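Geometric and topological summary
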Amino acid sequence: MAERNIEIKRAIKEITETGKLLWQKGWAERNAGNISIRIEKYIHDNEEKNLKTKKTFYKLNNKLTNLSGKVFLVTATGSRMRDIGKNPDESILTIKISDKGDGYYILSNTKNKILPTSELIVHLLIHQELLKNKLHEIRAIAHTHPTELIALTHIKKYADEKNLNKLIKSIHPENTMFVNEGVGFIPFLLPGSYDIAEATVKSLQKHKLAVWEKHGCFAVGKTVSAAFDIVDMVNKSAKIFFLCKAARLKLQGLSEKQIQKLSVLMNNLH
Ligand code: 13P
Ligand code: ZN
């Protein structure tokens, strides 16, 4: 029991701390962004009574049989990243997928009626795919609006996976060292839709971060902090790009040879 509570406490701490960072970075205007974590061992006697009651059951449009019985912490729709830490109990929900996988129960007893993020289907489909691929240790997913990275996707040339990756790697060594597989790129689709969820799942089969054109990105990691790190490294390249542009300086970039050497260095370290 004690161990289980520690897992939840740790997950809440991770969400609130990263939520604050996202706000400080300027990537979380108003209610922008959402976070989820899969809970490995969950039990909370007080909340179990919420199970299997119609009042707390929410139907999903899609059946997620591979997630039946799984428990997640998810940020509430409309919650502000900067405020999550002030009132985590009213900003983060515990949900449990029904046995049939056709919906979920809200286990949290909140004062106000709050619902999971509007991007819930995206989070759940990603968690399902991670479990299908036995990537059990990757339990955290973060969606955020990194300003410079979004700005890049407004430039026609970089609204393209190949060009975007070439630019990102050519600017900052970290992206060859720690994001060597590159990032995925998803042309604009409606947020919260099944289409964008499917496209994101597909993209994350090969990447740890999927960029949503003119909107933001989704990143996965063992912890919320690890997911944040990926966004931070990738956005850094975009930031340097615009710094040079704003100063009307020609961006030299790392040469292909330098990038290759970094790649070899990183492979040798692993
Ligand atoms: P939620 O407040 O519903 O999580 O939405 C935030 C967001 O960024 C949607 O793309
Ligand atoms: Zn968003």
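To be clear, the structure that these remarks concern was listed above.
Criteria and cut-off values
- Sequence order as written defines the numbering, with residues in each chain counted from 1.
- Whichever chain is written first is A, and whichever ligand is written first is 1; the rest continue in order.
- A pLDDT threshold of at least 70 governs which residues receive local features in this predicted model, and a stricter bar of 80 or more applies before side-chain atom pairs are shown or counted, although totals over entire chains, interfaces and linings include all residues.
- Think of the side-chain values as coming from all heavy atoms in the structure, minus any hydrogens and water.
- Comment: axis = line fitted to C-alpha atoms, over the contacting stretch for helices; angle = value between 0 and 180 degrees taken between N-to-C directions.
- Numbering of helices and strands runs from the N terminus; a helix is a DSSP stretch of H or I covering at least four residues, while a strand is a stretch of E covering at least two.
- Our angle categories are set so that under 35 degrees counts as roughly parallel, over 145 as roughly antiparallel, 65 to 115 as roughly perpendicular, and the remainder as oblique.
- In what follows, a contact means two residues having at least one pair of non-hydrogen atoms within 4.5 Å.
- Excluding water, the donors of a metal are its N, O and S neighbours within 2.8 Å, or within 3.2 Å for Na, K and Ca, and that exclusion means sites may look incomplete.
- Exposure is judged per residue with a 1.4 Å probe applied to protein chains only, and the accessible area is read against the type maximum: over 50% gives exposed, under 20% gives buried, and values in between give partly exposed.
- Throughout this description, a polar contact denotes any pair of N or O atoms lying within 3.5 Å of each other; where both atoms belong to protein, one of them has to be capable of donating a hydrogen while the other can accept it, and for residues adjacent in sequence the pair is counted only when both atoms sit in side chains.
- Put simply, a residue is near a molecule or strand once any heavy atom of it comes within 4 Å of that molecule or strand.
- Amino acids outside the nonpolar list (Ala, Val, Leu, Ile, Met, Phe, Trp, Tyr, Cys, Pro) and the charged list (Asp, Glu, Lys, Arg) are all regarded as polar, and Gly is one of them.

A look at the packing of helix H5 (residues 161-171) against helix H8 (residues 224-246)
Close contact between H5 and H8 brings their axes to 8 Å; oriented N to C, the two are set at 85°. Taken together, the axes of H5 and H8 are roughly perpendicular relative to one another. When H5 is examined against H8, the residues Leu167, Ile168 and Ile171 are found in contact with a partner set consisting of Val234, Ser237, Ile240 and Phe241.

Some remarks on the coordination of the zinc ion (ligand 2)
Of the protein atoms, only His143 (NE2), His145 (NE2) and His215 (NE2) coordinate the zinc ion (ligand 2), at distances of 2.1 Å. All donor residues of the zinc ion (ligand 2) come from one chain, and their arrangement in sequence is H-x1-H-x69-H. Of this pair, histidine 145 sits in the loop between strand E6 (140-144) and helix H4 (147-153) while histidine 215 is found in the loop between strand E8 (209-212) and strand E9 (216-221), placing the two residues 70 residues apart along the sequence.

A short note on H5
An α-helix turns once per 3.6 residues; consequently, residues spaced three or four apart project the same way. Leu164, Asn165, Leu167, Ile168, Lys169, Ser170 and Ile171 are the residues of H5 that are buried. Buried positions along H5 lie against H4, helix H6 (174-177), strand E7 (184-186), E8, H8 and helix H9 (256-269). The backbone nitrogen of lysine 162 lies 3.2 Å from a side-chain oxygen of the residue at the head of H5, namely aspartate 160.

Points about the side chain of asparagine 165
Relative to the helices and strands, asparagine 165 resides in helix H5. You can call asparagine 165 buried: its relative accessible area is 14%. A polar contact is formed between the side chain of asparagine 165 and the backbone oxygen of glutamate 161, at a distance of 2.9 Å. Apart from the residues within four sequence positions on either side, asparagine 165 is in contact with Gly182 and Val183.

Here's the deal with the site of ligand 1
Close to ligand 1 lie Asn31, Ala32, Gly33, Asn34, Thr77, Gly78, Thr117, Ser118, Glu119, His143, His145 and His215, which account for all nearby residues. In the environment of ligand 1, an oxygen atom lies 2.6 Å from a nitrogen or oxygen atom belonging to the side chain of serine 118. Residue composition of the shell around ligand 1, by class: one nonpolar, 10 polar and one charged.

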